[in-house]
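# Summary of structural features
One-letter residues, chain by chain:
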Amino acid sequence: MKITLAKYGGFCFGVQRALDQVLELAEKDVDISTYGPIIHNPLVVDMLAENGISSVASIGDCRTSHIVIRSHGASPDVYEECKQDSIIVVDATCPFVSKIQKKAKECREKYLKLIIVGEKSHPETIGINGWYGHNAIVINSADEAKGLSKTESACVVAQTTTPEEKFNEIIEILKERVEGLEVFNSICSATKERQAEAVDISKECDIV
């Protein structure tokens with residue numbers, strides 16, 4: 001049996017960076033927990049839990065002196081809640097996600113409508129929306145884009161893991177509904193590489 005190993009397999013930069021920060025703190029015996037699972041990987045989450053590093057769904061559930069904000073990032077109110085509870089924040093937000101959060105904040109300050117292409121329930125999208133005051137328009141399909149009311153101006157960003165083809169399709173629809181559309185293509189390059197490679201490998205292998 002021939003086994004093909006994906007060139008771009010493994011953790012992306014942002015996830016690896018966050019995991020490294022957690023492990024470095026653990027080696028120093030820092031009392032830490034993570035804001036949500038550090039990664040969408042049960043094996044890694046279980047490994048951390050076995051070493052006393054648990055994840056919490058809310059800051060109110062945190063019982064440690066430090067909390068790590070995972071690569072997905074978080075809303076400003078999460079940081080404020082940590083400050084009020086005297087919890088030390090270790091920010092492991094992916095730099096690519098931080099750029100989107102900054103863009104959302106700028107749009108809010110300019111009173112520019114923000115459209116996020118992504119999953120409403122995804123922690124990254126929730127965090128980005130938080131930087132816009134939780135008032136952004138979140139869509140995840142061409143049909144949802146077609147259902148938007150026409151407007152004079154807006155900025156559109158993407159959840160970093162959004163498929164490029166879907167994003168481009170939605171953009172073309174938004175151009176017909178938004179007179180002055182500012183496009184901020186925030187799809188992560190690592191996501192593009194992995195998605196493209198998965199398609200290529202599936203054409204050559206019987207099982208992926």
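It should be noted that the structure appears before, not after, this text.
We now turn to the structure provided with this report. Since the model is a prediction, treat every value here as computed from it, not as a measurement.

### Details of the overall build of the chain
Check the secondary structure of the chain and you find eight helices and eight strands. Put simply, 65% of the contacts in the chain that link residues at least 6 apart link residues at least 24 apart. Element-wise, carbon and sulfur atoms account for 51% of the exposed surface of the chain, whose accessible area totals about 11900 Å². Where the 23 positive side-chain charges of the chain centre and where its 32 negative ones centre are 6 Å apart.

### What about the nonpolar core?
With 16 residues, the main nonpolar core has Ile115, Ile139, Val156, Phe167 and Leu174 as its most contacted residues. Those elements that place two or more of their residues in this core are β5 (114-117), α6 (142-146), β7 (151-158) and α7 (164-177). Sorting elements by how many residues they give to this core places α7 first, with five residues. Residue contacts for Ile115: discarding those within four places in its chain leaves Ile137, Ile139, Leu148, Ala154, Cys155, Val156, Val157 and Leu174.

### Thoughts on unusual backbone geometry
It is generally the case that most residues other than glycine have a negative phi and that most peptide bonds are trans. Look at Ser86: it is not a glycine, yet its phi comes out positive at around 55 degrees. Among the secondary structure elements, Ser86 is positioned in the loop between α3 (76-84) and β4 (88-91).

### Re the sheet that holds β7
Spatially, the four strands line up as an open sheet ordered β6-β5-β7-β8, and their pairing is parallel. The open sheet has two free edges, formed respectively by β6 (137-139) and β8 (178-184), since each of these has just one partner strand. Each adjacent strand pair in this sheet contributes to an overall mean axis angle of 25 degrees, direction not counted. Two elements, β7 and β8, share six bridges in a ladder whose sense is parallel. Its bridge partner being in β8, Cys155 is matched across the sheet by Glu182. Packing against the sheet, helix α4 (residues 95-109) makes contact with β5, β7 and β8, and its axis sits at approximately 160 degrees to β7. Here helix α5 (residues 123-130) sits on the sheet in contact with β5, β6 and β7, set at roughly 170 degrees to β5.

### Observations regarding the packing of aromatic side chains
Applying the stated criterion across every chain, the model contains two aromatic pairs. Relative to Phe96, the ring of Phe13 lies with its centre 6.5 Å away and its plane at 80 degrees, an arrangement referred to as edge-to-face. Of this pair, Phe13 sits in helix α1 (residues 13-27) while Phe96 sits in helix α4, and the two are 83 residues apart along the sequence. The class for Phe13 is partly exposed, based on a relative accessible area of 49%.

Scoring rules and cut-offs
- Residues numbered from 1 in each chain as written.
- Predicted model: local features only at pLDDT ≥ 70, side-chain atom pairs only at ≥ 80, totals over all residues.
- Heavy atoms only, no water.
- Helix = DSSP H or I, 4+ residues; strand = E, 2+ residues; numbered from the N terminus.
- Contact = heavy atoms within 4.5 Å.
- Areas by Shrake-Rupley, 256 points an atom, 1.4 Å probe, with all protein chains shown as cover.
- Lys, Arg positive; Asp, Glu negative; His and termini not counted.
- Charge placed at Lys NZ, Arg CZ, Asp CG, Glu CD.
- Core = buried A, V, L, I, M, F, W, Y, C linked by side-chain atoms within 4.5 Å.
- Buried < 20%, exposed > 50% of the residue type's maximum accessible area, 1.4 Å probe, protein only.
- Pairing = 2+ DSSP bridges.
- Axes fitted to C-alpha atoms, helices over the stretch in contact; angles between N-to-C directions.
- Phe/Tyr/Trp six-rings, centres within 6.5 Å; stacked < 30°, edge-to-face > 60°.

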